[in-house]
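Structural overview
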Amino acid sequence: MKLLVVDDDADMLAVVSFALRQAGFPVVTAHSYGTGLSAFHTEQPDLAILDINLPGGSGFELCGLLRNESNTPIMMLTARGEEADLVSALALGADDYLTKPIRPRKIVARVQALLRRAGAMSRIGRFQIEAALQSAHVYRRRTGEDNWAAVVQLYDVLSTLPESPVVAINRALAVAEVRGPAAALIELEAASSDARLAEYQPYWAARADLLARTGASDEARHAYDLAIGLERDPAVR
């Protein structure tokens, strides 16, 4: 389960992302039309939250494009409260429309409601499997029970759906907990033919971690360097 938040207001982006993460949702952020579209294609989120006024293009345009490509739930979160904007957003395929300022708890509640609605309306598919994976991770953390084998099985099912490099990476990391890092590296290598992974930071970070766990220090250091080089934030690098 993953959410995408696109907003050019850094403070709002931080507040919304923090509230959603506190509620247990992994969050990917973007600050423009272009980075939002790229993140949507790469991360394949289960719900997108879009501002309207974005650098490089409008949230309306992005909403319409995403709706043409996917049935992913879309929420508009904007300071523009005119009825015409609401009508335009819904006509383009948005599933909800919230105006700023708004309390973080309300955003979380509306996100949860949208996800429940999406799950109820669709057959067993990516959304339900992602939800089961999230539940499995929460259960393991709360109980301490080793359920990694079940997690790998869920990723096996997920990998039969439309291809995603994220699924391959997460499955490999789960395999590492069941069969060890060497087996996980074999799984990761099988996915490396996907051209999207060459510039995908989580792939190189996962590869570096697995290599380090097998004792391949030089290869791990090289993978870490590639992962760091792909970090967009200079402060993190």
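A brief structural summary.

Conventions and cut-offs
The residue numbers shown here count from 1 along each chain, following its written sequence. At least 70 in pLDDT is required for a residue's local features to be given in this predicted model, at least 80 for side-chain atom pairs to be given and counted, and no such filter applies to totals for whole chains, interfaces and linings, which use all residues. Heavy atoms throughout the structure, all of them, feed into the side-chain values; hydrogens and water do not. Think of it this way: any DSSP run of H or I at least four residues long counts as a helix, any run of E at least two long counts as a strand, and we number them from the N terminus. Partly exposed describes any residue whose relative accessible area lies between the buried limit of under 20% and the exposed limit of over 50%, with all areas from a 1.4 Å probe on protein chains only and scaled to the type maximum. Here a residue-residue contact requires only that any non-hydrogen atoms of the pair lie within 4.5 Å. Just so you know, the count uses Lys and Arg for positive and Asp and Glu for negative, and it drops His and the chain ends. Charge positions come from single atoms, namely NZ of Lys, CZ of Arg, CG of Asp or CD of Glu. For two strands to be treated as a pair, DSSP must find no fewer than two bridges joining them. For helices, the fitted line uses only the C-alpha atoms of the stretch in contact; every axis is such a line through C-alpha atoms, and the angle between N-to-C directions lies from 0 to 180 degrees. Oblique is the label for any angle not under 35 degrees, not over 145, and not in the 65 to 115 range, which are roughly parallel, roughly antiparallel and roughly perpendicular in turn. Whether a crossing is left-handed or right-handed is set by the direction in which the near helix is turned from the far one by less than a right angle, anticlockwise for left-handed and clockwise for right-handed. Here a pair means two rings of Phe, Tyr or Trp (six-membered ring of Trp) with centres within 6.5 Å. Their orientation is stacked below 30 degrees between planes, edge-to-face above 60, and tilted elsewhere. Whether a charge sits over a ring comes down to the Lys NZ or Arg CZ being within 6 Å of the ring centre and within 35 degrees of the ring normal. Residues grouped as a nonpolar core are buried Ala, Val, Leu, Ile, Met, Phe, Trp, Tyr and Cys residues, joined through side-chain atoms within 4.5 Å.

Examining the overall build of the chain
When helices and strands are counted, the chain shows eleven helices and seven strands. In the chain, buried positions account for 48% of the 237 residues. The contacts in the chain between residues at least 6 apart in sequence include a share of 57% that link residues at least 24 apart. With 24 positive and 30 negative side-chain charges, the chain shows a separation of 6 Å between the mean positions of the two kinds.

Quick notes on the environment of Val166
Within the secondary structure, Val166 sits in helix H8 (residues 165-179). Looking at Val166, the relative accessible area reads 10%, which means it is buried. Sequence-wise, Val166 and Thr42 are 124 residues apart; in three dimensions their C-alpha atoms are separated by 8.0 Å. What Val166 contacts, discounting residues up to four positions off in sequence, is Lys2, Thr42, Glu43 and Tyr200.

A word on the sheet that holds strand S6 (residues 74-78)
The strand order across the open sheet formed by five strands is S2-S1-S3-S6-S7, and the pairing between neighbours is parallel. The outermost strands of the open sheet, each flanked by one partner alone, are strand S2 (27-30) and strand S7 (96-99). Strand after strand, the sheet turns through a mean of 20 degrees between neighbouring axes, direction not considered. Taken together, the three bridges between strand S3 (residues 47-50) and S6 define a ladder with parallel strand orientation. Residue pairing for S6: Ile49 is matched across the bridge by Met75. Against the sheet, helix H1 (residues 10-22) touches strand S1 (3-6), S2, S3 and S6, its axis set at about 170 degrees to S2.

Some words on the packing of helix H3 (residues 59-69) against helix H4 (residues 83-92)
Between two packed helices, what matters for the description is the angle formed by their axes and the separation of those axes. Direction vectors running N to C along H3 and H4 enclose 20 degrees, while the axes themselves pass 8 Å from each other. If you check the angle between H3 and H4, you find them roughly parallel. H4 is crossed by H3, and the crossing has right-handed handedness. Contact with H3, carried on its side by Phe60, Cys63, Gly64 and Arg67, involves Asp85, Ser88, Ala89 and Leu92 of H4 and no other residues of that element.

Overview of the pairing of S3
Residue alternation in S3 divides its side chains into two sets, Leu47 and Ile49 and Ala48 and Leu50, and both sets are buried. As paired elements, S1 and S3 share four bridges and run parallel to each other. Paired with Val6 across the bridge in S3 is Leu50.

So, the packing of aromatic side chains
Applying the stated criterion across every chain, the model contains one aromatic pair. Consider the rings of Tyr203 and Trp204, whose centres lie 4.9 Å apart with planes at 75 degrees: the pair is edge-to-face. Of the two residues, Tyr203 and Trp204, neither departs from the other in class, the shared state being buried. For Arg140, the ring lying beneath its charged end belongs to Trp148, and the centroid distance is 3.9 Å.

A few points about the packing of helix H2 (residues 33-43) against H3
Two elements in contact, H2 and H3, have axes whose closest approach is 11 Å; the angle formed by their N-to-C orientations is 20 degrees. With respect to their mutual orientation, H2 and H3 come out roughly parallel. Between H2 and H3 the crossing geometry is right-handed. Taking contact as the criterion, the partners of Tyr33, Leu37, Phe40 and His41 in H2 are, on H3, Glu61, Leu62, Leu65, Leu66 and Glu69.

A short note on the nonpolar core
Of all hydrophobic cores here, the largest spans 32 residues; its most connected members are Val151, Tyr155, Ile169 and Tyr203. At the level of elements, helix H6 (126-143), helix H7 (148-158), H8, helix H9 (181-191), helix H10 (201-214) and helix H11 (217-229) are the ones that each hand at least two residues to this core. For this core, the element with the highest residue contribution is H8, accounting for seven residues. Those residues within four positions of Ile169 in sequence are excluded, and the remaining contacts are Leu188, Leu197, Tyr200, Pro202, Tyr203 and Ala206.

Nothing here speaks to function; it is geometry throughout.
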